[in-house]
Each structure stands twice: as structure tokens, then as C-alpha cells.
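As a plain string of letters, each chain reads:
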Amino acid sequence: MPDMQQSRDHRKIPIQKVGVKDISYPIVVQDKHHNLQHTVARVDMYVDLPHQFKGTHMSRFVEILNRYREQIALDRLEDILREMQHKLGASTAHLRVEFPYFIDKAAPVSGARSLMEYTCEFDACLTGDQLDFVLGVKVPVTSLCPCSKELSRFGAHNQRSIMTVRLRYRDFIWIEDLVELIEQCGSSPVYALLKRADEKYVTEQAFEQPRFVEDMVREAYLRLSGLEQVSWFSVEAENFESIHNHSAYAAVELDRRDDQQSSASIRP
């Protein structure tokens, strides 16, 4: 049968990313306290396409994914990327995996336990033999406005905020440790289950720790820059304001890769 994808294209325009997006697929993630955690991810897979080819073979992406059934984990991403390069004749392969990750958290006073969900991502790219890997986590926190606290007679407005951290590392870092670090940057952590004594505690904790969105990213910067295994990071904070019809936003970034080259390995 004719292979239209391999037919000649005369426009001489290379494509940096072509592939499949938003595949729902089961994966396995390392869990600090329970060894492994099974979850379901949304997977994007891309390769580069030289200018002379009309298209890529989309079915091969799914075939590669299926060959790693029940083995799609952090320590297999490089293998998947290499097979993408080989099977699709590409010099660069991209793999992005976004998934819900659950952490068992205890309420601060009652100790009531519940599962808290965090959105995480693995973003890996293999160019030739050079691997680049970025770990990302979205962490919800509570933020209480310092200005509102200073101006108001009866409390202050607060809201749920999302802090998004992405980082490259030389030595393995647990998702749980990263979440705990980022939760310290808001006015109070967020919990899935709180009893009345817990609600009193987190409300008063937030009131005692008012934070602007700028404060939150600066606190994250200080904590992340103190981790020697982190070679690059970016942090974004978005406050979904409770008294405004807009969000407040801030972002910071630090790149130390020029000072000390990051390891290409993503295996712990």
C-alpha cells in the first residue's frame, strides 16, 4: 500500500513537533511511602519531522506506548523516547505525561486522614543522546491578603491559590517533599478533610501568615535555591481573588545549569 507520510513534500518547511496529544493511559509513579502508585495520565508524544517528508506515522506513537504497557514509569521514559526516535526516524523526541497524584495527609489538629490530589507532570525530551527532564507539580494553598488584614476591622479576605513549580534536578527529589516545601510558601496548606478544630487552626494560621502573591513566589525561591540537587526551577503563583474579578499572579525562575551541568539521567 502507498505510504503517503513518506512521500516528498516540496515546501521545504521542517516541523519541530508532530505527533499525538491527550492519550489517556495508565502509568506507575514512585510513591515515597507506598513504593508505587498507579494512576491514569494524559500523554502527549511528539517528534521532529524533516522538511522533505509529508507526514509522520501517527499509529507508531500508540504502538510504542502499548509496548510499554504497565511499564510507563519515570525510569522508562528515556527508553520510550529512544524508541520514538528509532521507529519514527527522528532526531528529537518529546514525551509529556500529566497525571493526578494522591498524598495521604493528616489534618493538623484532629489527625483525620484523607487523600489530597495534586496535578503532576513529567516533561522529557531526547535530542540525539542528550536527555532533558522537567518535573512539574501544581500545589493548592490558601493565601490571605496582608493589605486586607491591615485595613479591615474584622479579618481579611483570603482565597485558594495554585502554585506551579517546575524543576530540573541532578539527584532524585520526591513529589511529596516538593509538595511539602511549596505548601510552606502560602498562608496555610489546603486539606481534603478538616474537622471543626482543624478549620479553626488553618483559619488562624492563615491570619497569622498573610502573604501577597509576590511573597509566595519569593518564599519558594528561597527554599528551592537552597536545594543543591536542583539545577533549574520556575515557580508561578495565581491567587483566585475572592473580592476581585481577576486573579493575582507572580512568577520567578532560577537557572544554575551554567554553573554546574545537570545530569542527563532521570533515574533515581
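Structure: see above.
Residues numbered from 1 in each chain as written. Predicted model: local features only at pLDDT ≥ 70, side-chain atom pairs only at ≥ 80, totals over all residues. Heavy atoms only, no water.

Caption draft 1: Molecular detail of the nonpolar core. Among the nonpolar cores identified, the biggest contains 64 residues, and Met45, Phe99 and Leu167 are the most heavily contacted of them. Leave out the neighbours within four places in its chain, and Met45 touches Val18, Gly19, Val20, Phe61, Ile64, Leu65, Ile80, Met84, His94 and Leu95. (Core = buried A, V, L, I, M, F, W, Y, C linked by side-chain atoms within 4.5 Å. Buried < 20%, exposed > 50% of the residue type's maximum accessible area, 1.4 Å probe, protein only. Contact = heavy atoms within 4.5 Å.)

Caption draft 2: Examining the environment of Glu78 more closely. Tracing the backbone shows Glu78 in helix α2 (residues 77-88). When the C-alpha positions of Glu78 and Gly111 are compared, they lie 40 Å apart, and in sequence the two are 33 residues distant. Within polar-contact distance, the side chain of Glu78 engages the side chain of Arg82 at 2.9 Å. (Helix = DSSP H or I, 4+ residues; strand = E, 2+ residues; numbered from the N terminus. Polar contact = N/O pair within 3.5 Å; in protein donor to acceptor, adjacent residues only side chain to side chain.)

Caption draft 3: Layout of empty space enclosed by the protein. For the structure shown, the criterion picks out two cavities of 30 Å³ or more. In this structure, the largest cavity encloses a volume near 90 Å³. Together, 13 residues line the largest cavity, and Leu74, Phe122, Phe172, Ile173 and Ile175 are the ones closest to its centre. Only β1 (15-31), β5 (130-144) and α4 (175-183) provide two or more residues apiece to the lining of the largest cavity. The residue inventory of the lining of the largest cavity, partitioned by class, reads eleven nonpolar, one polar and one charged. If you add up the space inside the second largest cavity, you get close to 40 Å³. The wall of the second largest cavity is formed by Glu98, Thr119, Cys120, Glu121, Gly136, Val137, Lys138, Thr164, Val165 and Arg166. Of all elements in the fold, only β4 (113-127), β5 and β6 (158-169) reach the threshold of two or more residues within the lining of the second largest cavity. By residue class, the composition of the lining of the second largest cavity is three nonpolar, three polar and four charged. (1 Å grid on protein atoms, 1.4 Å probe; cavity = no way out; pocket = protein on both sides within 12 Å on 5 of 7 lines; lining within 4 Å. Points joined across faces, edges and corners; volume = space filled by probe spheres on them. Nonpolar A, V, L, I, M, F, W, Y, C, P; charged D, E, K, R; others polar.)

Caption draft 4: The arrangement of α2 in detail. Helix length check: α2, at twelve residues, gives a terminal C-alpha distance of 16 Å against a target of 16 Å (1.5 Å per residue), a fit within 8%. Those residues of α2 that sit buried are Leu77, Glu78, Ile80, Leu81, Glu83, Met84, Gln85 and Leu88. Among the structural elements, β2 (35-49), α1 (58-67), β3 (92-106), β4 and β5 are those in contact with the buried residues of α2. Backbone geometry just after α2 places Gly89 at a positive phi near 60 degrees. (Expected span 1.5 Å × (residues − 1).)

Caption draft 5: Structural detail: the environment of Leu194. Of note, Leu194 is situated in the loop between β7 (188-189) and α5 (196-208). The exposure class of Leu194 is partly exposed, given its relative accessible area of 25%. Residues Leu194 and Gln52, 142 residues apart in the sequence, show an inter-C-alpha distance of 60 Å. In this view, Leu194 contacts Ala107, Pro108, Glu199 and Val202; residues no more than four positions away in its chain are not counted.

Caption draft 6: Representation of α4. The buried fraction of α4 is high, at seven of nine residues. When α4 is considered as a whole, its buried residues turn out to be Ile175, Glu176, Leu178, Val179, Leu181, Ile182 and Glu183.

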